[in-house]
Amino acid sequence: MIVLWGLPGDRPLAAVAQALGETAADVEFLDQRRTAMFCLNLSVGNEVNGVLHTADRRIRLEDVQSIYIRPYDFRRIPAVARAGEGSDLWQHAEQFDDALLAWTEVTDALVVNRSSAMASNNSKPYQSLMIDAAGFSTPSTVLTNDVEELRDFASRHPRVIYKSASGIRSVVSRLNLLDEDRLSNLRWCPTQFQVFVPGVDYRVHVVNEETFACRVTSAAIDYRYGANEGMIPTLTAVRLPDDLNDRCVQLARSLGLPVAGIDLREAENGEMYCFEVNPSPGFSFFEDVTGQPIARAVADLLTRGPCTASKLIA
Amino acid sequence: MLLIVTNQYDNTAAALAVQWGRADVRIMRPSDLSVGGWSYRPGDVGVSRFVAGGSPARTSDLSGVLTRMACVFEGDLRHIQPADRAYVASEMTALLLAWLSELPVPVINRPTATCLCGPLWSQERWLHMAAGLGIPVVTARRQVRQPGSASPTAPPQGPTPGQKASIRCTMVDGVCLGAPTPQCEKIAVRLAEHAACRLLSVCFQQDDPGHAVAGVDIWPDITNPPVAGALLSALDGRGARVGTGARR
């Protein structure tokens, strides 16, 4: 059995569900809007087993071969939010999520992706240490709350940007040292500043050993938000050189991620920088434009199950 | 300099510092990340600067770090505007995770991606690891029932130490304190090694014919005098180190 966990409106999850629907696979979609109907018994000792009850099905956890997890924060599920903190439903949703995630950490099933592996993305400087170890360049970076340190860093580089260091998404912005108001707030929290690397962006989706790369052409500093400034990015499917392809696969593997979205930029001198590895990539946006069969590949991976992943993921 | 990294309102760090009785111990709390003087370049941690106890210092002056904080919580940041606390807490945690990961001195515990002070695992994960090593374990069970059901959800995080005769021992950098038997000591050492964790506590339950692991955590009482002493030795580089060096 293959389990999908999240919301039906989540586009990557929906795309994988659709791809699986075209096969004979036994699939159960755990719709988080129906969390109130779920029960879970989990037992971990010399063996890992348990039973998951949905509204109309009893699932032995030992029968689950693969699970694709994209759960939303339970506190933001409308029914849970309406019930309020401390309500029976709130506590139930919290405990169900905790128990199911605990199971995903110990099961032999293929998990796309384990939350412990995804956590490296909660600290970009931490993840950059792993990216660096995998042989990619990373931009020169400083995290500081000291204006003089920042001025010194900026004086050594023609252009500097800043962005969040954590997993909270932020718009990459260019540093303006004349903005005294913002600089005066710097001391409250060390902020991540990076050398701006001019070049061409690539998004590479890794699905096990397969890669789906596309080139992103945009005049914006952060192409994800370029449309807001009238700079709509152009996406083009490309084939990566074999060595780069292999490094992307190895990087995802080293982070324990069967599925990942890797953000690269090829500098004007040809050097390949890696900014980030997204452990829960919203690949639908790229798939829609390029036609790359990413959801199909994820569905195939889930169908093949843990044999493949156990070979790849330590 | 020895550094203790902890949450804003944790009193045990100060008690430990007093117990150690050394002048070169500093305590870093989240409010220190709002004092100017931080500078960290990932991959070049040796030249970084930090703030502890309200004063700036150089990373090169550090000789050891004890971390007693899983993350920076919003509640640690009363000096930050409420609307910004969640974001600032995440940013500070992100910085500390990377910085602590690559410090070239003993760090107890070295952070993991999910926790600043080591492997903050579910009881299921600890027991699963132990069982995989052939160590006897007490099975952990939890049930999540539908809300409003006649018997409400009762999700113990693993077995309940205390139901049977249970005893706890503490591992500090390869030194086992309080193990009931030599066999338990060996088990605790193996668990610490496999988790790459210098400081942890193991709970055993009396079982037939010996003891079984009932739970593991990374929050032993650090003010217990033998634990405090062993920590000081470990941070000074005099401990029986378990293989948990800097990641890089």
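Look a little higher up for the structure.
It should be emphasised that the depicted structure is a prediction, and the values quoted were computed from it without experimental measurement.

K.L.:
Even after reading the chapter, I still don't get the sheet that holds strand β9 (residues 166–172) of chain B, so can you show me in this structure?
P.N.:
Residues and elements named next belong to chain B. With antiparallel pairing, the four strands of this open sheet are ordered in space as β10-β9-β11-β12. Lying at the two open borders of the sheet, with one neighbouring strand each, are β10 (175–177) and β12 (211–217). Averaged over neighbouring strand pairs, the angle between their axes works out to 30° when direction is ignored. The pairing of strand β11 (residues 199–206) with β12 spans six bridges and is classified as antiparallel. The residue bridging F204 from the neighbouring strand is V213, located in β12. Along the sheet face, helix α5 (residues 225–235) touches β9 and β10 and points at about 20° away from the line of β9.

K.L.:
Help me understand the sheet that holds strand β5 (residues 58–60) of chain A, please; the structure alone is not making it clear to me.
P.N.:
By definition, the strands of a sheet pair up through backbone hydrogen bonds, in either a parallel or an antiparallel sense. Read across the open sheet, the four strands follow the order β5(A)-β4(A)-β3(A)-β8(B); overall the sheet is antiparallel. Of all strands in the sheet, those bounded by a partner on one side alone are β5 of chain A together with β8 (140–144) of chain B. Between one strand axis and the next, the sheet turns through 5° on average, direction left out of account. Sheet topology note: the strand β3 (residues 39–44) of chain A/β8(B) ladder contains five bridges and is antiparallel. If you follow N41(A) over to β8(B), its bridge partner there is Q143(B). Where helix α3 (residues 88–106) of chain A meets the sheet, it contacts β3 and β4 (48–53) of chain A together with β8 of chain B, and its direction lies at approximately 40° from that of β3(A). Sheet strands touched by helix α3 (residues 123–132) of chain B: β3 and β4 of chain A together with β8 of chain B. Its angle to β3(A), the strand with the most contacts, is close to 35°.

K.L.:
Explain the interface of chain A and chain B here, please?
P.N.:
By a widely used convention, the size of an interface equals the accessible area lost when the partners come together. Taken together, the 48 residues of chain A in the interface contact 45 residues of chain B. Among the elements of the structure, β3, α3, α5 (124–133) and β8 (141–144) of chain A are those that each provide at least two residues to the side of chain A that touches chain B. In terms of residue count, the dominant contributor to the side of chain A that touches chain B is α3(A) (ten residues). Along the lines of polarity and charge, the residues of the side of chain A that touches chain B split into 23 nonpolar, 18 polar and seven charged.

K.L.:
For this particular structure, what's the right way to read α3(A)?
P.N.:
Residues separated by three or four positions in an α-helix point in the same direction, a consequence of the helix having 3.6 residues per turn. Taking 1.5 Å per residue as the helical rise, α3(A) with its 19 residues ought to reach 27 Å, and the 27 Å between its terminal C-alpha atoms agrees with that figure. Here the buried face of α3(A) lies against β3, β4 and α2 (78–83) of chain A together with α3 and β8 of chain B.

K.L.:
Is there a simple way to think about helix α4 (residues 182–194) of chain B in this case?
P.N.:
All names here are of chain B. Helix length check: α4, at 13 residues, gives a terminal C-alpha distance of 18 Å against a target of 18 Å (1.5 Å per residue), a fit within 8%. Three or more residues of α4 are buried, namely C184, I187, A188, L191 and A192. Relative to the axis of α4, the buried residues are bounded by an arc of 130° and lie together on one face. Positive phi shows up at A196, right after α4, with a value of about 50°.

K.L.:
What is the right way to look at the packing of α3(A) against α3(B) in this model?
P.N.:
When two helices pack together, you describe them by how their axes are tilted relative to each other and by the distance separating the axes. The contact between α3(A) and α3(B) brings their axes to 9 Å, and the two run at 20°. As far as their axial angle goes, α3(B) and α3(A) are roughly parallel. Considering the relative orientation of α3(A) and α3(B), their crossing is right-handed. For the pair α3(A) and α3(B), contact is made by A102(A), E105(A) and V106(A) and by E124(B), R125(B) and H128(B), respectively. Within the contact of α3(A) with α3(B), the residues separate by chemical class into two nonpolar, one polar and three charged.

The rules we used
- Think of each chain on its own: its residues are numbered from 1, step by step along the sequence as written.
- As a convention, the first chain written is A and the first ligand written is 1, with the rest following in written order.
- With pLDDT at 70 or above as the cut-off, local features in this predicted model cover only qualifying residues; side-chain atom pairs require 80 or more to be listed or tallied, and sums for whole chains, interfaces and linings still use all residues.
- Here a strand pair is declared whenever DSSP counts at least two bridges between the two strands.
- Each helix corresponds to a stretch of at least 4 residues labelled H or I by DSSP, and each strand to a stretch of at least 2 residues labelled E; elements are numbered beginning at the N terminus.
- The axes are straight lines fitted to the C-alpha atoms, using for helices just the contacting stretch, and the angles between their N-to-C directions are given from 0 to 180°.
- The contact rule is simple: place each C-beta atom from the backbone, and if two of them lie within 7 Å, those residues are in contact.
- Gly counts as polar in this scheme, as do all residues outside two lists: the nonpolar Ala, Val, Leu, Ile, Met, Phe, Trp, Tyr, Cys and Pro, and the charged Asp, Glu, Lys and Arg.
- To estimate the expected span of a helix, subtract one from its residue number and multiply by 1.5 Å.
- Once C-beta atoms are placed from the backbone, each residue is buried if 20 or more other C-beta atoms lie within 10 Å of its own, exposed if 12 or fewer, and partly exposed for counts between those two.
- An arc is given here, and it is the one of the directions from the helix axis to the C-beta atoms.
- In what follows, roughly perpendicular refers to angles from 65 to 115 degrees, roughly parallel to angles under 35, roughly antiparallel to angles over 145, and oblique to any angle outside these ranges.
- Crossings are sorted by hand: turned counterclockwise from the far helix by less than a right angle, the near helix makes the crossing left-handed, and turned clockwise it makes it right-handed.

None of this, on its own, says anything about what the molecule does.
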